[in-house]
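Each chain, letter by letter, is given below.
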Amino acid sequence: AHVDLNRMLSARYALGTFAAFVDAKKTSFPSPWDECLSLLGRLHDEINSNSDIITPALWSGDIEAALSSGKMLALLSAEEGGVIEHDISRLDKLFSLGVRMMTITWNYENTLACPAYCSGAVGAKPTVVGNTYIGGGLTELGRLFVEKCDELGIIIDVSHLSDAGFYDVARFSRLPFVASHSNAREVTPYLRNITDDMIKIISSRGGLIGLNLAADFLGSGDGESIARHALHIAKIGGVDCIALGGDLDGIPTNPYFPDCAAVPKIADYLLAAGFTSSEVNRIMGDNVIRFLRENLPKHPSV
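Residues numbered from 1 in each chain as written. Predicted model: local features only at pLDDT ≥ 70, side-chain atom pairs only at ≥ 80, totals over all residues. Heavy atoms only, no water.

Can you help me understand the packing of helix H9 (residues 223-237) against helix H10 (residues 265-272) in this one?
To describe two helices that pack against each other, one gives the angle between their axes and the distance between the axes. Contact pair H9 / H10: the axes reach a minimum separation of 9 Å and the direction vectors enclose 60°. The angle between H9 and H10 places the two elements in the oblique class. Of the two elements, H9 crosses H10, and the hand of that crossing is right-handed. Packed against H9, whose contacting residues are Gly-223, Glu-224, Ile-226, Ala-227 and Ala-230, the element H10 presents Ile-266, Tyr-269 and Leu-270 at the interface. Looking at the contact of H9 with H10, its residues break down into six nonpolar, one polar and one charged. (Axes fitted to C-alpha atoms, helices over the stretch in contact; angles between N-to-C directions. Helix = DSSP H or I, 4+ residues; strand = E, 2+ residues; numbered from the N terminus. Parallel < 35°, antiparallel > 145°, perpendicular 65-115°, else oblique. Left-handed = near helix turned anticlockwise from the far one by under 90°. Contact = heavy atoms within 4.5 Å. Nonpolar A, V, L, I, M, F, W, Y, C, P; charged D, E, K, R; others polar.)

In structure tokens, the structure reads:
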């Protein structure tokens, strides 16, 4: 219960990402695919029930329309690309249901790729060589997944992906991609964080890196640790690739930032760390708004 619409409003959110997250090994549904469809249905029900304050971000033109009307935006994502199993055509179905961003894996190996937890077990230790975590990259189906996402206009999210998988995405994707909730590995050597080289690649491709509020990712959960990661990413990739990727409702509660209403406090820590007001505004939201204007697909009627 880190997030609800009332607290988002109080914190002056412009946009939230809502992930249909599936733990493929613990689903109570007939299949992970069925659970994903059910979750997306629930998301649409919530958005439709609160259409006076929030609207889905489906097309590039939706961004300006929502902001000018004072509504918040909901970006729908699917977290666990393996829900498609062996059927690439299921991406067409997800796109039709409003999904505009997808991770390729969660924490299990699937038909597409290996995750950062490359043994397939949550919490398992990967093989480490230097600052690199060794695990498999994209499968042939995973490569087709990347190409199909590019074709449809689904943003590829490399958070949770193995290092080898990251470089495969960089090789095969034609479009900007994101690490929606990953911090800097150089600051905190945690397997879900990304290396300086990855930061450079995401930035050079016009992508985004979302700062994760989990204490394990930050090194500690306080605002100074968030600022350290932001400063490092800015040094390596520039301010324009930094965004907020809190992973709220996906992480244990961080006592320094217990819910979405506390997120605006991040701006104070960034200012104290030396970022300018313009840079803070970009990190706190403007970068995401610009990215979606540029990278969401245009409505077919346009």
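Anyway, onward from the coordinates.
Hey, could you run me through the packing of aromatic side chains in this one?
Each aromatic ring pair is specified by the distance between its two centres and by the angle formed by the two planes. The full count for this structure, using the stated rule, is seven aromatic pairs. Note on Phe-166 and Phe-177: the rings are 5.7 Å apart at their centroids and 75° apart in plane angle, and the pair reads as edge-to-face. With Phe-166 in helix H6 (residues 163-172) and Phe-177 in the loop between H6 and strand S8 (178-179), this pair connects stretches of sequence that are eleven residues apart. You'll find Phe-166 and Phe-177 in the same group, each marked buried. For the pair Phe-257 and Tyr-269, a centre-to-centre distance of 6.1 Å together with 65° between the ring planes defines the contact as edge-to-face. Of the two residues, Phe-257 is situated in the loop between strand S10 (242-244) and H10 and Tyr-269 in helix H10; the sequence distance between them amounts to twelve residues. One aromatic cluster in this structure is built from Phe-21, Trp-106 and Tyr-108. The positively charged end of Arg-100 is found above the aromatic ring belonging to Phe-95, 3.7 Å away from the centroid. (Phe/Tyr/Trp six-rings, centres within 6.5 Å; stacked < 30°, edge-to-face > 60°. Buried < 20%, exposed > 50% of the residue type's maximum accessible area, 1.4 Å probe, protein only. Lys NZ or Arg CZ within 6 Å of the ring centre and 35° of its normal.)

Where do I start with the layout of surface pockets in this structure?
Once rolled over the atoms, a probe with the size of a water molecule shows which space is left empty. Of the voids in this model, the second largest pocket is the one considered here, and its volume is about 170 Å³. Around the second largest pocket sit 14 residues that line it, and Asp-150, Gly-153, Ile-154, Leu-175 and Asn-295 are the ones nearest its centre. If you list the elements that add at least two residues to the lining of the second largest pocket, you get helix H5 (140-152), strand S7 (155-157) and helix H11 (277-295). Looking at the lining of the second largest pocket element by element, the count peaks at three residues for H5. Here the lining of the second largest pocket is built from residues that sort into eight nonpolar, three polar and three charged. (1 Å grid on protein atoms, 1.4 Å probe; cavity = no way out; pocket = protein on both sides within 12 Å on 5 of 7 lines; lining within 4 Å. Points joined across faces, edges and corners; volume = space filled by probe spheres on them.)

Can you walk me through the pattern of salt bridges in this structure?
Working definition: two side chains of opposite charge can pair if their charged atoms are close together. Here the structure, examined in full by the defined rule, presents ten salt bridges. Among the ionic pairs, Asp-4 bridges to Arg-7, the shortest N-O distance being 2.9 Å. Connected through salt bridges with shared partners, the residues Asp-4, Arg-7 and Asp-259 form a single ionic network. (Salt bridge = Lys/Arg side-chain N within 4 Å of Asp/Glu carboxyl O.)

What's the story with the pairing of strand S3 (residues 72-79) in this structure? I'm lost.
Along a regular strand, successive side chains alternate from one face of the sheet to the other. Most of S3 sits inside the fold, with eight of its eight residues counted as buried. Every second residue of S3 is oriented toward a common face, with Met-72, Ala-74, Leu-76 and Ala-78 on one face and Leu-73, Leu-75, Ser-77 and Glu-79 on the other, all of them buried. Pairing of strand S1 (residues 15-21) with S3 involves seven bridges; the strand directions are parallel. Each residue of the ladder has a partner; that of Phe-18, found in S3, is Leu-76. Strand direction decides the pairing type here: strand S2 (residues 54-56) and S3, joined by three bridges, are parallel. When the bridges of S3 are listed, Thr-55 appears paired with Leu-73. Regarding the hand of the β-α-β motif, the stretch spanning S2, helix H3 (residues 60-69) and S3 is right-handed. Traced from S3 through helix H4 (residues 90-96) to strand S4 (residues 99-103), the parallel crossover comes out right-handed. (Pairing = 2+ DSSP bridges. Right-handed = clockwise from strand over helix to strand, strands pointing away.)

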